[in-house]
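Observations on chain architecture
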Amino acid sequence: MAPVPITPADLAAWLPVGGRVLVTGVTGESVLLAEAVMAAGNAIGPATFTGIFIPGINNHSYLANEGCKVETFFVTPALKGELGLRVTHLPLCYNDIRKRMHMVQIDALLCMVAPPDEAGNCSFGVAVDFAAELWPSIPVRVAHINPLMPRTAGNPGIPFDSLTAYVEGDQSVGGPADAKVDPVADAIAAHVAPWICDGATLQTGLGKIPGAILRALTGRRNLRIHSGLLVEEVVDLLEAGALAHGTPVVSGVAVGSDRLMRAISGPEFNFQPVAVTHNVAQIASIPDFVAINSALEIDLLGQAYSEVGPKGLMSGPGGALDYATAARLNGGLRIIALPASASGGTHSRIVLPGVPRGPVALGRMDIDIIATEHGAVDIRALSYQARAEALISIAAPQFHAPLTEGWRAYAAQL
């Protein structure tokens, strides 16, 4: 049966009442379909929406009526007000998110795709992560066919004839690049770069610091990328000749400006679902693998905290633990990079044990190198005392004395 062309106003009639709906999130979210959900109100009936909704990128709640619920793995401002009520936050790493999505019945898919190619396939473009693997088991598939969506190589996407219904319309994708020069991020990058050799395979997260680190590596050669997410500065590596020839960049999602969106349509990029991008066994076979992630705080035991900020819960563990596990298995390197302070220098991000907000995201055995703008330290094979001293050395100078005194009191209890 051929897919049915519909208007956004028709969407409610195509979603199973009381069903679970997977939404392609991050930069692959269709604003057209998200607004259609919200406009449908009570007509959409009770439904549970789930997907990867990221603060700063995804701004819709999908709580169209009192019967709607959301199951999320990160906490956006749009969802925060209903947290614990109509919004359930599951603090899972990406491999466990994938397991969760295979365990539950998903009744419908809302996705944004490129127009069909010569073979009749619609690429998932900038966000291949979960939909590319799960769509065959989802009975109702509603797509926003977006002529502005880049067609990416790797996963073939979804055949147009496999869609249930579709809407058409232009939507810019990718999100703006952070063009501001950040001296702190650049200083951190300068301390991280010496740890990364020619021929390394890199994984990075989202934000100014990962971008600055990639810029600092443009003089390297034969670098490879295997990451769940791509940022703008990957293009800097490509244009500088730093990437290995004939080995495509592997990722599942891209976040950046039109410059990145144009680049990812090329043969240098290979977009794959989470089953590939976060596959621990596959990554563990990659030599010289380097996982680069950030954190909100690091305690003096070397534990990283990234889920709770000053305004409360904002994240889950994400993919950092998946990559740290893989790096441990193959003897790779696990780097955490973060500013030494926050709130204009009034709050140290290097803190005493017991002080950080929220749960531990990466344990003290999941991290090798910690870097701030004041230096980078290797915490492997260090005693608790030596580890604390090393971390205090890269804290903001105004916090050295209180951290030293606080650690002395803490260590007396050990």
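Look a little higher up for the structure.
Quick look at the structure, then.

Conventions adopted
- Residues numbered from 1 in each chain as written.
- Predicted model: local features only at pLDDT ≥ 70, side-chain atom pairs only at ≥ 80, totals over all residues.
- Heavy atoms only, no water.
- Phe/Tyr/Trp six-rings, centres within 6.5 Å; stacked < 30°, edge-to-face > 60°.
- Helix = DSSP H or I, 4+ residues; strand = E, 2+ residues; numbered from the N terminus.
- Buried < 20%, exposed > 50% of the residue type's maximum accessible area, 1.4 Å probe, protein only.
- Pairing = 2+ DSSP bridges.
- Salt bridge = Lys/Arg side-chain N within 4 Å of Asp/Glu carboxyl O.

1. Overview of the packing of aromatic side chains
- Under the defined criterion, the tally for this structure stands at 7 aromatic pairs.
- Aromatic pair Tyr94 and Phe130: ring centres 5.8 Å apart, planes at 20 degrees, arrangement stacked. You can see Tyr94 sitting in helix 3 (residues 94–103) and its partner Phe130 sitting in the loop between strand 7 (121–122) and helix 4 (131–134), a full 36 residues away along the chain.
- Among the residues examined, Tyr94 registers a relative accessible area of 12% and is labelled buried.
- Ring-pair connections join several aromatic residues into one group, and the members of that group are Phe49, Phe53 and Tyr62.

2. Comments concerning the sheet that holds strand 19 (residues 304–305)
- Spatially, 3 strands are ordered 19-18-25 in an open sheet, and the strand pairing comes out mixed. Looking at strand neighbours, the two that pair on one side only are strand 19 and strand 25 (350–351), the edges of this open sheet.

3. Quick look at the pattern of salt bridges
- One pass over the full model with this rule turns up 16 salt bridges.
- Note that Asp236 and Arg259 form a salt bridge whose closest N and O atoms lie 2.7 Å from each other. Pair noted here: Asp236 is in helix 7 (residues 234–239) and Arg259 is in helix 8 (residues 258–263), with a separation of 23 residues, a long-range link.
- On the basis of relative accessible area, Arg259 is assigned to the partly exposed category, the value being 24%.
- In this structure, Arg408 engages Glu405 in a salt bridge whose closest nitrogen and oxygen atoms are separated by 2.5 Å. You can see Arg408 and its partner Glu405 sitting in helix 13 (residues 400–411), 3 residues apart, about one turn around the helix.
- Taking relative accessible area as the criterion, Glu405 reaches 47% and is therefore assigned partly exposed.

All we've got here are geometric facts, nothing functional implied.
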